[in-house]
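If you want the building blocks of each chain, they are given just below.
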Amino acid sequence: MNQEKIIINALLYCRIRYSQYSMYETYAKKYGSSYKSLFVLRQLYANSDGLTQIEICQDSLISKQTVSAVIKRFYEKNYVYMEEISSDRRNKLVKLTPKGVEYAKEIIQPIIEAEKESMACFSEEEQQLFIKMCTKYTEVIKDRIDNI
């Protein structure tokens with residue numbers, strides 16, 4: 001494939017990816033939130049046993065400062081509480097309160113359904129190929145950007 005076609009395809013993929021981010025950001029704004037807050041909320045909703053802020057950072061690739069600010073806002077709204085970890089006094093589990101679960105259910109469940117329906121438009125084989133290709137692209141682009 002020639003270089004010009006590769007550049008065009010890279011730009012097309014970036015445009016698709018940015019469009020996806022924009023959809024999530026627009027959706028989050030409907031609820032007075034941000035994409036990153038939405039992502040943190042989704043992680044907490046999916047992990048009823050709670051997560052540490054470090055785990056949230058590792059899973060989301062969101063900075064420690066941003067996760068801390070999101071958790072603080074959620075705490076102030078009574079969406080989360082902190083629970084001591086007896087084996088590790090330095091970290092606390094962040095868990096959704098009943099109010100937080102209701103909030104998350106209202107916001108996150110429709111997103112989960114939309115993603116499920118969107119993925120269902122692919123056959124199982126296409127789903128696996130799609131995930132494999134996106135993973136490979138992500139690994140390669142991360143390596144390239146890390147080495148700039």
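Procedures and definitions
- Residues numbered from 1 in each chain as written.
- Predicted model: local features only at pLDDT ≥ 70, side-chain atom pairs only at ≥ 80, totals over all residues.
- Heavy atoms only, no water.
- 1 Å grid on protein atoms, 1.4 Å probe; cavity = no way out; pocket = protein on both sides within 12 Å on 5 of 7 lines; lining within 4 Å.
- Points joined across faces, edges and corners; volume = space filled by probe spheres on them.
- Helix = DSSP H or I, 4+ residues; strand = E, 2+ residues; numbered from the N terminus.
- Nonpolar A, V, L, I, M, F, W, Y, C, P; charged D, E, K, R; others polar.
- Core = buried A, V, L, I, M, F, W, Y, C linked by side-chain atoms within 4.5 Å.
- Buried < 20%, exposed > 50% of the residue type's maximum accessible area, 1.4 Å probe, protein only.
- Contact = heavy atoms within 4.5 Å.
- Salt bridge = Lys/Arg side-chain N within 4 Å of Asp/Glu carboxyl O.
- Axes fitted to C-alpha atoms, helices over the stretch in contact; angles between N-to-C directions.
- Parallel < 35°, antiparallel > 145°, perpendicular 65-115°, else oblique.

Peer 1: Explain the layout of surface pockets here, please?
Peer 2: Where empty space is left can be seen by rolling a probe of water-molecule size over the atoms. Considering only enclosed or pocket space, the largest pocket measures out at about 2200 Å³ in volume. Ranked by residues supplied to the lining of the largest pocket, first place goes to helix H6 (residues 124–146) with 16 residues. Residue classes in the lining of the largest pocket are distributed as 27 nonpolar, seven polar and 10 charged. Roughly 160 Å³ of volume is contained in the second largest pocket. Forming the walls of the second largest pocket are Met1, Ile6, Asn9, Ala10, Leu12, Tyr13 and Ile16. A per-class count over the lining of the second largest pocket returns six nonpolar, one polar and no charged.

Peer 1: Would you take a moment to explain the nonpolar core for this structure?
Peer 2: Most often, soluble globular proteins have nonpolar side chains that are buried together. The biggest cluster of nonpolar side chains holds 23 residues, and the ones touching the most others in it are Val40, Leu41, Leu44, Ile71 and Val80. Counting residues per element, this core draws most heavily on helix H5 (residues 98–119), at five residues. In this structure, Val40 is in contact with Ile56, Ile62, Val70, Ile71 and Phe74, ignoring residues within four places of it in sequence.

Peer 1: Quick question: what am I supposed to make of the side chain of Gln43 here?
Peer 2: Structurally, Gln43 can be placed in helix H2 (residues 35–46). According to the relative accessible area criterion, Gln43 is buried, its value standing at 9%. Not counting residues within four places of it along the chain, the set of residues in contact with Gln43 comprises Leu51, Glu55, Ile56, Asp59 and Ser60.

Peer 1: How should I be thinking about the pattern of salt bridges in this particular structure?
Peer 2: For side chains bearing opposite charge, pairing can occur when the charged atoms are close. Applying the stated criterion across every chain yields a total of seven salt bridges. The closest approach of N and O atoms between Lys95 and Glu83, which form a salt bridge, is 3.2 Å. One end of the pair, Lys95, is in strand E2 (residues 92–96); the other, Glu83, is in strand E1 (residues 80–84), and 12 residues separate them in sequence. Here Glu84 and Lys92 are joined by a salt bridge, their closest N and O atoms 3.8 Å apart. For Lys92, a relative accessible area of 39% gives the class partly exposed.

Peer 1: Please clarify how the packing of H2 against H5 should be interpreted in this entry.
Peer 2: What describes two packed helices is the angle between their axes and the distance between those same axes. H5 packs onto H2 with a crossing angle of 95° between their chain directions and a minimal axis gap of 10 Å. What the angle tells us is that H2 and H5 run roughly perpendicular. Contacts between H2 and H5 involve Leu38, Leu41, Arg42 and Tyr45 from the first element and Val101, Tyr103, Ala104, Lys105, Ile107, Ile108, Gln109, Ile111, Ile112 and Glu115 from the second. Of the residues belonging to the contact of H2 with H5, the class tally is 10 nonpolar, one polar and three charged.

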